[in-house]
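An overview of the molecular structure
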Amino acid sequence: MSSCVPCPDQPFAQEAGIRAPFEADGDPYRLLDELMAVIEALCPVWPPRAPSPSDGARMLI
């Protein structure tokens, strides 16, 4: 039972984009390490954060 109407074929969009198959190297931790190195290169310093409740800030409802 489905209440959704199937979408018609979209001939213009189905061939769009670049086909690039992903090939995993087998070591997910190495891939994560490389991703984190890129993120660190783009943002080497963390942005300032608001004080947390343990820093003496008051939490009001």
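So, here's what we can say about the structure. (Residues numbered from 1 in each chain as written. Predicted model: local features only at pLDDT ≥ 70, side-chain atom pairs only at ≥ 80, totals over all residues. Heavy atoms only, no water.)

Our next topic: the overall build of the protein chain. Within the protein chain one finds 1 helix and 0 strands. A total of 61 residues make up the protein chain; the buried ones form 0% of that total. (Helix = DSSP H or I, 4+ residues; strand = E, 2+ residues; numbered from the N terminus. Buried < 20%, exposed > 50% of the residue type's maximum accessible area, 1.4 Å probe, protein only.)

Turning to the pattern of salt bridges, a few remarks are in order. With the rule as written, the count across this model stands at 1 salt bridge. Residues E34 and R30 are paired through a salt bridge, measuring 2.4 Å at the closest nitrogen-oxygen approach. Taken together, the residues E34 and R30, both in helix α1 (residues 28–42) and 4 residues apart, mark about one turn of the helix. For E34, a relative accessible area of 40% corresponds to the partly exposed category. Given the relative accessible area of 34%, R30 is considered partly exposed. (Salt bridge = Lys/Arg side-chain N within 4 Å of Asp/Glu carboxyl O.)

A few words on the layout of surface pockets. One number sums up the size of the largest pocket: a volume of about 160 Å³. Around the largest pocket, the lining residues are M36, I39, E40, C43, P44, V45 and W46. Among the residues making up the lining of the largest pocket, the classes are represented as 6 nonpolar, no polar and 1 charged. (1 Å grid on protein atoms, 1.4 Å probe; cavity = no way out; pocket = protein on both sides within 12 Å on 5 of 7 lines; lining within 4 Å. Points joined across faces, edges and corners; volume = space filled by probe spheres on them. Nonpolar A, V, L, I, M, F, W, Y, C, P; charged D, E, K, R; others polar.)

With that settled, the discussion passes to a nonpolar patch on the surface. A grouping of Y29, L32, L35, M36 and I39 is seen on the molecular surface, where their side chains present a nonpolar patch of about 540 Å² in accessible area. Mapped onto the fold, Y29 is located in helix α1. Of the residues examined, Y29 reaches a relative accessible area of 64% and is grouped as exposed. (Patch = residues over 30% accessible without salt bridge, like charges linked within 9 Å, V, L, I, M, F, W, Y side chains within 5 Å. Areas by Shrake-Rupley, 256 points an atom, 1.4 Å probe, with all protein chains shown as cover.)

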